[in-house]
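An overview of the molecular structure
Listed below, chain by chain, are the residues.
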Number of protein chains: 2
Amino acid sequence: MKIINSTIVSKLKFVTLFAIKYLDKKGTLKSWDMVSRKNQPKCIVHGNRQPDAAIIVPYHSKEDKLVVIREYRVPVGDYIYEFPAGLIDPGEDPAFAACRELHEETGLNMVSMYRHSPAVYSSAGLTDEAVAMIFAEVTGTPSGKNNEDSEEIEIFLMDREEVRGLLQRKGAIFGAKAWMAMDAYVLMGKEYLTGRE
Amino acid sequence: MKIINSTIVSKLKFVTLFAIKYLDKKGTLKSWDMVSRKNQPKCIVHGNRQPDAAIIVPYHSKEDKLVVIREYRVPVGDYIYEFPAGLIDPGEDPAFAACRELHEETGLNMVSMYRHSPAVYSSAGLTDEAVAMIFAEVTGTPSGKNNEDSEEIEIFLMDREEVRGLLQRKGAIFGAKAWMAMDAYVLMGKEYLTGRE
């Protein structure tokens, strides 16, 4: 497999659609449609392994609860359960981006980081978007006062049984990474969040 | 928040770029850029909660190993570790789509399903793409003979320690859901895969 070049099909403010020319394993020239948040996709900017966004899996240790948000998402046209997240500024450490977004979206503060992922790809057939998963201890009292007008966010502190109930609730909609983390939390308890085996 | 309408900005074979007009929580008209694999995004087709793709988390019980694939992904421009996955045909049960793709990509067979997610959103700010996560018991001998020309897939059977080593390997690249599942498997062992607490 070999990438030949990329062509911008459409460029909007936050998303660019590209057609990528590549050679398949038999050497046949093919085209792949993809989207990126960047001006050049990661398959062209060789060696760009920086995450675009940070997602925090927030464990409120004093309350022994997981912090979950419910947010309106335009592409879904509905409210979905997920975790605080945001785009990483150029040169910003993903952990500090997570800290900033956590505070903006929930009013909570990050105390320490348990573990983090490298840049992992949200949907590698569709986009070069990569995120860093940040498992962290948080503290404070939830507040939505820093929300932007385009954000409509509810904040929940949930123990293991409450998360179990949420996962079984008919009609509840989830982000994929949030569902994965909630499912593992229900099975394993807080040791999943803190990473202590 | 209220969706007003959607406009097709560009339509390619596998991806369509939309601009969505919506009212924010103050009633101000705004636009959101998004992509979809469908002709109409899910925020317009009200009540479409069907997953677009199925991803299988395959536990080879006879070998007591997790099945992981390494596949070239054009948008990433590199090989990434992930799980067998594929688009769901109209009307197809996600579990059978997972079964079919598992067989096509790895030669393995699905024996039973441990649990599954509802339609969960890969990156809800960017796309309406939703996937079903299928945790399943698999059997058989790995083989890549059914791969298509556009696919270049390596198949690995890995025990918990091997997955732990893979997650720590410098330069290894992961899909987000695969990283989440591997991380939980390393922490919890096979009970994570089978869902038995």
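Residues numbered from 1 in each chain as written. Chains lettered and ligands numbered in written order. Predicted model: local features only at pLDDT ≥ 70, side-chain atom pairs only at ≥ 80, totals over all residues.

**Some remarks on the interface of chain B and chain A**
In this assembly, 61 residues from chain B lie in contact with 62 residues from chain A. Class assignment for the residues of the side of chain B that touches chain A results in 34 nonpolar, eleven polar and 16 charged. Strand direction decides the pairing type here: strand β9 (residues 120-121) of chain A and strand β12 (residues 174-175) of chain B, joined by two bridges, are parallel. Its bridge partner lying in β12 of chain B, Val120 of chain A is registered against Phe174 of chain B. (Contact = placed C-beta atoms within 7 Å. Nonpolar A, V, L, I, M, F, W, Y, C, P; charged D, E, K, R; others polar. Pairing = 2+ DSSP bridges. Helix = DSSP H or I, 4+ residues; strand = E, 2+ residues; numbered from the N terminus.)

**Here's the deal with the relation of the copies chain B and chain A**
Of the transformation placing chain B onto chain A, the axial shift is 0.0 Å and the rotation is 180°, giving an RMSD of 0.0 Å. Seen this way, the second copy is the image of the first under a two-fold rotation axis. If distances are taken from each C-alpha of chain B to the rotation axis, the shortest is found for Ser122 of chain B, at 2.9 Å. A shared binding surface is used by both copies, with 100% of the interface residues of chain B retained as interface residues in chain A. (Least-squares fit on C-alpha atoms with pLDDT ≥ 70 in both.)

**Remarks on the packing of helix α3 (residues 176-188) of chain A against helix α3 (residues 176-188) of chain B**
Two packed helices can be described by the angle between their axes and the distance between those axes. For the pair α3 of chain A and α3 of chain B, the least separation of the axes is 9 Å and the interaxial angle reads 10°. Classed by the angle they form, the pair α3 of chain A and α3 of chain B counts as roughly parallel. Touching Ala176, Lys177, Met180, Ala181, Ala184, Leu187 and Met188 of chain A of α3 of chain A are Ala176, Lys177, Met180, Ala181, Ala184, Leu187 and Met188 of chain B, all from α3 of chain B. Class assignment for the residues of the contact of α3 of chain A with α3 of chain B results in twelve nonpolar, no polar and two charged. (Axes fitted to C-alpha atoms, helices over the stretch in contact; angles between N-to-C directions. Parallel < 35°, antiparallel > 145°, perpendicular 65-115°, else oblique.)

**Quick notes on the environment of Leu12 of chain A**
Following the sequence through the fold, Leu12 of chain A ends up in the loop between β1 (2-11) and β2 (16-23). Residue Leu12 of chain A is classed as partly exposed on the basis of its C-beta count, with 18 C-beta atoms lying within 10 Å. Remark: the alpha-carbon pair of Leu12 of chain A and Gly107 of chain A, spanning 95 residues in sequence, is separated by 31 Å. When residues no more than four places from it in sequence are discounted, the contact partners of Leu12 of chain A are Val9, Ala19 and Asp33 of chain B. (Buried ≥ 20, exposed ≤ 12 C-beta atoms within 10 Å, placed from the backbone.)

Keep in mind these values describe shape, not function.
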